[in-house]
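Secondary and tertiary structure notes
In case you want the letters, here they are:
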Amino acid sequence: LLSVGLLLRWNLKSTERLTTPEGMTALHFETRHGEQLTQRLADNSVLHLNTDSAVSVSYSKGERLVTLRSGQASFEVSHEADRAFRVHAGSAEIVDLGTKFDVRLDGASTVITVVEGRVTVGPTTSGQSLSLRPIELNADQQIRVAVGAWPAAPVAVDAKGTTAWLHRQIVFNNEPLEQVAAEYNRYTAKPIEIATPALRKLKISGVFATDDTDAFIAFLRSLKGVRVEVTETRILVSGG
């Protein structure tokens, strides 16, 4: 009985019911380090949650509201003409216009990427000035919203590369090794540490599986002048 109880508690951990300050019941979803979650919501929209992420979801007659509290989430929204789908993330509010889009909290910034369709991005009441003009994003466009620095316009990106995590992959195109390591550390049990400062700017390109650390280590070892030491607690990268 004890084993069954512990198993049920483990399975239910990622979904909890919360009560918002307004008294509305909300669902809470979260993932641990290295975990991902896909959840079909009550309106038939689909939520994808990346590693170390948490969201709350609440519905009313007038709107569907998702609050991204940490990490990264991707949405496939079921369109409803009379009920908006909104996402609050950091200082940004994203309003769906019938689309697939990705939202990531990255330090003090919120990064929004549109895969299909359109969204508008405006300030939350707790973020930027409400007088700021909302920005519309189309497919393969992205903006980064930081407190006190409202972006002028979206930039063109490869949205499929940004959302490669949905397939347990990460994609890099001539990116510095320190950025690659930071991204990989979102998924690995042992963190990657770069011991030689000169290697931090080493440019890396490729598509890597987030759940195959051994293959990534083998790739690093194939690079000229790079040595990798794996200990019980870390992956140490240094000049060879």
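Just so it is clear, the structure is predicted and the values come from calculations on it, not from any experiment. (Residues numbered from 1 in each chain as written. Predicted model: local features only at pLDDT ≥ 70, side-chain atom pairs only at ≥ 80, totals over all residues. Heavy atoms only, no water.)

Looking only at helices and strands, the protein chain has four helices and 20 strands in total. When burial is assessed residue by residue, the protein chain has 40% of its 240 residues classed as buried. Taking as baseline every contact in the protein chain between residues at least 6 positions apart, the subset at least 24 positions apart corresponds to 45%. Carbon and sulfur atoms make up 51% of the accessible area of the protein chain, which totals about 12900 Å². (Helix = DSSP H or I, 4+ residues; strand = E, 2+ residues; numbered from the N terminus. Buried < 20%, exposed > 50% of the residue type's maximum accessible area, 1.4 Å probe, protein only. Contact = heavy atoms within 4.5 Å. Areas by Shrake-Rupley, 256 points an atom, 1.4 Å probe, with all protein chains shown as cover.)

The next point concerns the pattern of salt bridges. As enumerated under the stated definition, the model contains twelve salt bridges in all. Put simply, Glu 63 and Arg 86 hold a salt bridge, and the shortest N to O gap is 3.0 Å. On the criterion of sequence distance, the pair formed by Glu 63 in strand β6 (residues 63–70) and Arg 86 in strand β8 (residues 84–89) is long-range, its members being 23 residues apart. Residue Glu 63 is classed as partly exposed on the basis of its relative accessible area, which comes to 27%. Residues Glu 178 and Lys 201 are paired through a salt bridge, measuring 2.7 Å at the closest nitrogen-oxygen approach. (Salt bridge = Lys/Arg side-chain N within 4 Å of Asp/Glu carboxyl O.)

Side chains of a nonpolar character, in soluble globular proteins, are inclined to be buried together. Grouped together as the largest cluster of nonpolar side chains are 28 residues, with contacts concentrated most on Val 55, Phe 75, Ile 94, Phe 101, Val 103, Ile 112 and Val 121. When residues of this core are assigned to their parent elements, the largest contribution, three residues, is made by β8. Residues in contact with Ile 112, not counting those within four places in the same chain, are Ala 92, Ile 94, Asp 102, Val 103, Val 119, Val 121, Leu 137, Gln 141, Gln 142, Ile 143 and Val 145. Grouped together as the second largest cluster of nonpolar side chains are 20 residues, Trp 165, Ile 170, Ala 181 and Val 226 included. (Core = buried A, V, L, I, M, F, W, Y, C linked by side-chain atoms within 4.5 Å.)

All right, on to the pairing of strand β20 (residues 235–239) then. With four of five residues buried, β20 lies mostly within the body of the structure. One ladder, built from three bridges, connects strand β17 (residues 192–194) with β20; its direction is parallel. Bridging across to β20, Ile 192 finds its partner in Ile 235. Here five bridges tie strand β19 (residues 226–230) to β20, and the two strands are oriented antiparallel to one another. Within β20, the position partnered with Glu 229 by the bridge is Leu 236. (Pairing = 2+ DSSP bridges.)

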